[in-house]
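Chain and residue survey
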Amino acid sequence: MKALVPLAAILGVAGLAYAGGLLPGTRALLGVVLPYAAMGIFLIGFSFRVVRWAWSALPFHIPTTCGQQKSLGWIRSNPIENPNHKAGVAARMALEILLFRSLFRNSQARLEEEGPRLLYAENKWLWLGALAFHWSLLVVLVRHLRYFLSPVPAFLPALDAVDGFLQIGAPQLFVTDAVIVAALLYLLARRFANGRVRYLSLPGDFFALFLLLGIAITGILMRYFTKVDLEGIKQLALGLVTFSPLVPASVGPLFFVHLTFASLLLAYFPFSKLMHMGGIFLSPTRNLANDSRARRHVNPWDYPVKVHTYQEWEEEFHDKIASAGLPLEKERTRA
Amino acid sequence: MRDKFWILGGLLLFVGVATLPTWRDWETHANTRPPALVLPAHAKQCVAPLDFMRGSHMQLLLDWRQSAVRENNPTYVAYDGKTYPKSLTKTCLSCHDKREFCDRCHDYVGARTPYCWNCHVDPALGKGAAR
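These numbers were taken from a predicted model, which means no experiment stands behind them.

Thresholds applied
- Residues numbered from 1 in each chain as written.
- Chains lettered and ligands numbered in written order.
- Predicted model: local features only at pLDDT ≥ 70, side-chain atom pairs only at ≥ 80, totals over all residues.
- Heavy atoms only, no water.
- Helix = DSSP H or I, 4+ residues; strand = E, 2+ residues; numbered from the N terminus.
- Rg over C-alpha atoms; globule rule 2.2 N^0.38 Å.
- Buried < 20%, exposed > 50% of the residue type's maximum accessible area, 1.4 Å probe, protein only.
- Contact = heavy atoms within 4.5 Å.
- Areas by Shrake-Rupley, 256 points an atom, 1.4 Å probe, with all protein chains shown as cover.
- Lys, Arg positive; Asp, Glu negative; His and termini not counted.
- Charge placed at Lys NZ, Arg CZ, Asp CG, Glu CD.
- Buried area = accessible area lost by both parts, 1.4 Å probe.
- Polar contact = N/O pair within 3.5 Å; in protein donor to acceptor, adjacent residues only side chain to side chain.
- Nonpolar A, V, L, I, M, F, W, Y, C, P; charged D, E, K, R; others polar.
- Pairing = 2+ DSSP bridges.

Let us look at the overall build of chain A. Within chain A one finds 16 helices and 2 strands. For chain A, whose C-alpha radius of gyration is 29 Å, the value lies well above the compact-globule estimate of 20 Å for 335 residues. Once the C-alpha set of chain A is aligned to its principal axes, its extents read approximately 100 × 50 × 45 Å. A total of 335 residues make up chain A; the buried ones form 39% of that total. Of the contacts made within chain A by residues no fewer than 6 positions apart, 66% connect residues no fewer than 24 positions apart. When the accessible area of chain A is evaluated, it comes to approximately 19,600 Å², of which 70% is carbon and sulfur surface. Side chains of chain A carry 32 positive and 21 negative charges; the gap between the two charge centres is 7 Å.

Moving on, we come to the interface of chain A and chain B. Of the residues lining the interface, 42 residues belong to chain A; the matching set on chain B comes to 34 residues. Both faces considered, chain A and chain B share a buried interface measuring about 3,300 Å² in area, 67% of it formed by carbon and sulfur atoms. In this assembly, chain A and chain B are joined by 7 residue pairs in polar contact (both at pLDDT 80 or more). When residues of the side of chain A that touches chain B are traced back to their parent elements, those giving at least two are α2 (24–55), α5 (125–148), α6 (155–163) and α10 (230–241) of chain A. Broken down by element, the side of chain A that touches chain B gets its largest block of residues, 9 residues, from α2 of chain A. Classifying every residue of the side of chain A that touches chain B by side-chain character gives 26 nonpolar, 9 polar and 7 charged.

Below, the discussion takes up the pairing of strand β1 (residues 107–112) of chain A. Residue and element names in this part refer to chain A. The sheet contact formed by β1 and strand β2 (residues 117–122) spans 6 bridges and is antiparallel. Looking at the pairing, Arg110 lines up with Leu119 of β2. Two successive antiparallel strands, β1 and β2, enclose a turn made up of 4 residues, where Gly115 displays a positive phi of approximately 125°.

Attention shifts here to unusual backbone geometry. All names here are of chain A. Omega for the bond connecting Gly115 with Pro116 falls within 30 degrees of zero, at -15°, which places this linkage in the cis form. Mapped onto the fold, Pro116 is located in the loop between β1 and β2. Residue Pro151 is bonded to the preceding Ser150 through a cis peptide linkage, with omega at -5°. Within the secondary structure, Pro151 sits in the loop between α5 and α6.

This is the structure we're talking about:
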């Protein structure tokens, strides 16, 4: 059920967009209004969430410390896993953002039948799948710049050449096209195959995966199989970013499915877990140096609390305590 | 407080990158007009219907290569009954000019110049045409 509803939603959107691409009345809606609205929601929503994060208080200094802290000179510290200054933090963030360091650390607990005994084993598959997906997505996005720029800068054809180095077919097979679908299918299969992950999965997780798969599959269909009029699509894309929108008649309905999916992804982004794109930069456990002993961290939520110390209390009830024969702190210290 | 400066700076950078195409197109005065393709003077029809040629000429070329070089089947019978030799230089470039036709469109859509020209010759070069 958690997967079926998102799947049905995606298929429904695909059907609507395909039909909309056929009808003359809705083509401008899907090809112009929807992308602008989606980009607007994306930029404003994304900024809004980041600004709200920036303004939230950070009551505790909570870096994760997965290595030896810097202490005495003769104890070797681990400046990246347990950074004590900004440079170490920068290195740790770079490892996290570019190479997904914490996923690499992933280990899995498993109960072995015989015994039974508990086993902990490293599991790098999630890391590999995530890395393959994200890097492919980046390359795919950069490659798409060629539709939005005119003249096309020289590095884009060069990137195409690297991505198409297998020289299979024409247009050439892009390695990232194959990798991104394989990675997405793995990430999806993982949510079904592993009972615990299935239990933890939410409809939103499936929705994002189905949506990304939908985008990749429609793109691949257009490039390698059904064929499209790329000249018309370039006009449409260029028209959008130069604010002189137009929808050429030669653009087929499948492209509208692709464009609607992409717009949906943009519009959905700020409301979803996909915000981890911005959030990863702001994770306090990763981007703080472990210098809480060297430097005082003041909780911004602290306000002057009215306290009543024991000394004041004793002062107040001095006579009563003395007459009851109870020991008085004041006298003890004096003695 | 100093963090906010960095976060807002980063956010601004992100918005800039996300809208980069608009800035760049503004700077290059890009417009949506596709390039004028020089069409052959002596012919009205391509080797296949226009719709097919637009999307699938690269596939057609690979099919030609496959059947001409590997299957020794060097003649193509077009949809209108005409026959053409299956050759990139001798057929396509007898009607089309590489630079004024193929390259212009490929440059506009940002398709990489096909690697075919590493080996196949552009006859316009031999005739002492510009460069």
